[in-house]
Amino acid sequence: MEHKQDLMEKIVSLCKRRGFIYQGSEVYGGLAGTWDYGPLGVTLKKNIKDLWWKTFVESREDMYGIDAAILMNSKVWEATGHVATFADPMVEDLKTNKRYRADHLLEENGIDPKGMTVTQMGAEIKAHKLKSPDKNQLGDVRQFNMMFATQAGASGDSSATVYLRPETAQGMFVNFKNVVDSFHPKLPFGMAQIGKAFRNEITPRDFIFRLREFEQMEIEYFIRPEEWEEQFGSWLVRIKDFLTKTLGLDDSHIHEHEHSEEERSFYSKKTVDLEFDYPFGQKELYGLAYRTDYDLKKHSESSTVALEYLDEEAKIKFTPHVIEPAVGVDRTFLAVLCDAYTEDIMGEETRAYLKFKPQVAPVKAAVFPLLKNKPELVAKAREVYGMLKSELGAVMFDDNGNIGKRYRRQDEIGTPFCITIDFDTLENDTVTLRDRDTGQQERIKILELLSFLKSKI
Ligand code: GAP
């Protein structure tokens, strides 16, 4: 346990030091539940999102991408039941007025809260005489709605209340008819979206795991009701493959957890989470839910538009059912970081490096002149760097310090390949290519460099 805490501290510290992730609003002491992505973080995050989009949207014929507004008419959230029930159980320290997640508090005290109502949680807290982390008495457990509300326009009355979306999913349901009318897709087909979501988490924590502002990558896959089990199974395989084969997560760190009836969200008939072994425990990374026809039906009932599908052969209209694979970008980012973080001994020194798959790595290659004070080496290195940069984008130039130090700096940010320009380069147009994981070096012709790197990334 201590070791894992240590690992988390090392990852957080590396993220700040090397420009992956900074505390949100840091110069003002931060803002709980928010983190800012720095230059390497934004690139790593973009790579994850691009791989997801390529896998689930671009390489399929049955998928339609959208980008809906974050602010949505509050009737959306009234119709789905979010205004009434999108809540977490909260308990307050009666002295400090600090608020806590009641289920988390029970878990931390060895009591499994799964399936408990707020009343049952309150009874457990009383029965076990549980205190707050500040050792004070706790109040009653009650539901706390997690949606952020704000006012749209100049009018201050309650009719101007709008919510920042707590999930991207509804953007797809309310655009169902638009996409059907524009593209006439045949069932089954899906809509996909990557975007920000906001939840007023009672206790944001564990770095970028539980945030108040985060990003989701969600699919609503519309199906005929009779095929839901088969589709559910296929999507479970696809999302696991994405995590392991595409992003490189260790298969043995991913576990399926099927929700019991009490755990399931109000809209779901079956939910399986893919949980990941984070340093702070096995926690939800990816959710797969069979949402039935709940959302389309609710919006059809509450709006003036029937969100239905016309089966042209059978000449019948019906509401499609939906399978929803939903994942957080930030949680995926953290899982990728945790699995990539590696320590080994190289050249009698301990090194820490990020063993990213080359497709995921924020920097694909780094180019070094062997010596900074030899203009002919620097000029040649600049030429090679320029050629690679114009083709690959994510390439770095470094002429600072000895080569060993430069390798370590690149290892620490997970750059898979380092290229050194030395005196032999000037003679025969070959360079040294060094592999991050093995530290092994080979000579390769400059002419072959680009195709080699392209075959790896
Ligand atoms: N549309 C379904 C939905 O939103 P969810 O399980 O509440 O389902 C989907 O969220 C995914 O979004 C989760 O599996 C998780 O990866 C991510 N997520 C949810 N809440 C989050 C939070 N507070 N911070 C970071 N990621 C979060």
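Reading guide: rules and limits
- Residues numbered from 1 in each chain as written.
- Predicted model: local features only at pLDDT ≥ 70, side-chain atom pairs only at ≥ 80, totals over all residues.
- Heavy atoms only, no water.
- Helix = DSSP H or I, 4+ residues; strand = E, 2+ residues; numbered from the N terminus.
- Buried < 20%, exposed > 50% of the residue type's maximum accessible area, 1.4 Å probe, protein only.
- Contact = heavy atoms within 4.5 Å.
- Lys, Arg positive; Asp, Glu negative; His and termini not counted.
- Charge placed at Lys NZ, Arg CZ, Asp CG, Glu CD.
- Salt bridge = Lys/Arg side-chain N within 4 Å of Asp/Glu carboxyl O.
- Polar contact = N/O pair within 3.5 Å; in protein donor to acceptor, adjacent residues only side chain to side chain.
- Patch = residues over 30% accessible without salt bridge, like charges linked within 9 Å, V, L, I, M, F, W, Y side chains within 5 Å.
- Areas by Shrake-Rupley, 256 points an atom, 1.4 Å probe, with all protein chains shown as cover.
- Near = heavy atom within 4 Å.
- Nonpolar A, V, L, I, M, F, W, Y, C, P; charged D, E, K, R; others polar.
- Pairing = 2+ DSSP bridges.
- Axes fitted to C-alpha atoms, helices over the stretch in contact; angles between N-to-C directions.

Student: I'd like a rundown of the overall build of the protein chain, residues and numbers included.
Tutor: The secondary structure content of the protein chain amounts to 15 helices and 24 strands. When its C-alpha atoms are laid out on the principal axes, the protein chain stretches across 75 × 65 × 50 Å. With 457 residues in all, the protein chain has 52% of them scored as buried. The contacts in the protein chain between residues at least 6 apart in sequence include a share of 66% that link residues at least 24 apart. Across the protein chain, 62 positive and 75 negative side-chain charges occur, with their mean positions spaced 3 Å apart.

Student: Mind laying out the side chain of Glu218, listing which residues take part and the relevant values?
Tutor: Residue placement: Glu218 occurs in strand 11 (residues 213-223). Within the buried core, Glu218 has no salt-bridge partner, and the shortest N-O distance to an opposite charge, that of Arg291, equals 5.3 Å. Among the polar contacts listed, one links the side chain of Glu218 to the backbone nitrogen of Ala169, at a separation of 2.7 Å. Glu218 has contacts with Trp52, Glu167, Thr168, Ala169, Met172, Met191, Ala192, Gln193, Glu324, Pro325 and Ala326, leaving out every residue within four places of it along the chain.

Student: Can you tell me about a nonpolar patch on the surface, naming the residues and giving the values?
Tutor: A cluster of nonpolar residues, Leu370, Leu371, Phe423 and Leu426, forms a patch on the protein surface that exposes about 290 Å² of accessible area. Tracing the sequence through the fold places Leu370 in the loop between strand 20 (365-369) and helix 12 (375-392).

Student: Can you break down the site of the ligand residue by residue, with the values?
Tutor: As a matter of local geometry, the ligand sits amid 20 residues, with Glu167, Arg199, Glu201, Glu218 and Glu284 nearest to it. Contact between the ligand and Glu201: a nitrogen atom at 2.8 Å from a side-chain N or O atom of the residue. Within the contact set of the ligand, a nitrogen atom lies 2.9 Å away from a side-chain nitrogen or oxygen of Glu324. Bound to the protein, the ligand loses 92% of the 550 Å² it would expose on its own. For the shell around the ligand, the secondary-structure elements that each account for two or more residues are strand 11, strand 14 (281-292) and strand 17 (321-328). Split by residue class, the shell around the ligand holds eight nonpolar, three polar and nine charged.

Student: For the sheet that holds strand 13 (residues 270-278), give the residues involved together with the corresponding values.
Tutor: Spatially, the seven strands line up as an open sheet ordered 3-10-11-17-14-13-12, and their pairing is mixed. Pairing within the sheet leaves two strands with one partner each, and these edge strands are strand 3 (63-65) and strand 12 (254-258). Sheet twist, expressed as the average angle between the axes of neighbouring strands with direction ignored, equals 25 degrees. Note: strand 12 against strand 13, five bridges, orientation antiparallel. Within strand 13, the position partnered with His255 by the bridge is Glu275. Packed on one face of the sheet, helix 8 (residues 176-183) meets strand 3, strand 10 (189-198) and strand 11 and runs near 140 degrees to strand 10.

Read these as layout, nothing more, since geometry by itself doesn't imply function.
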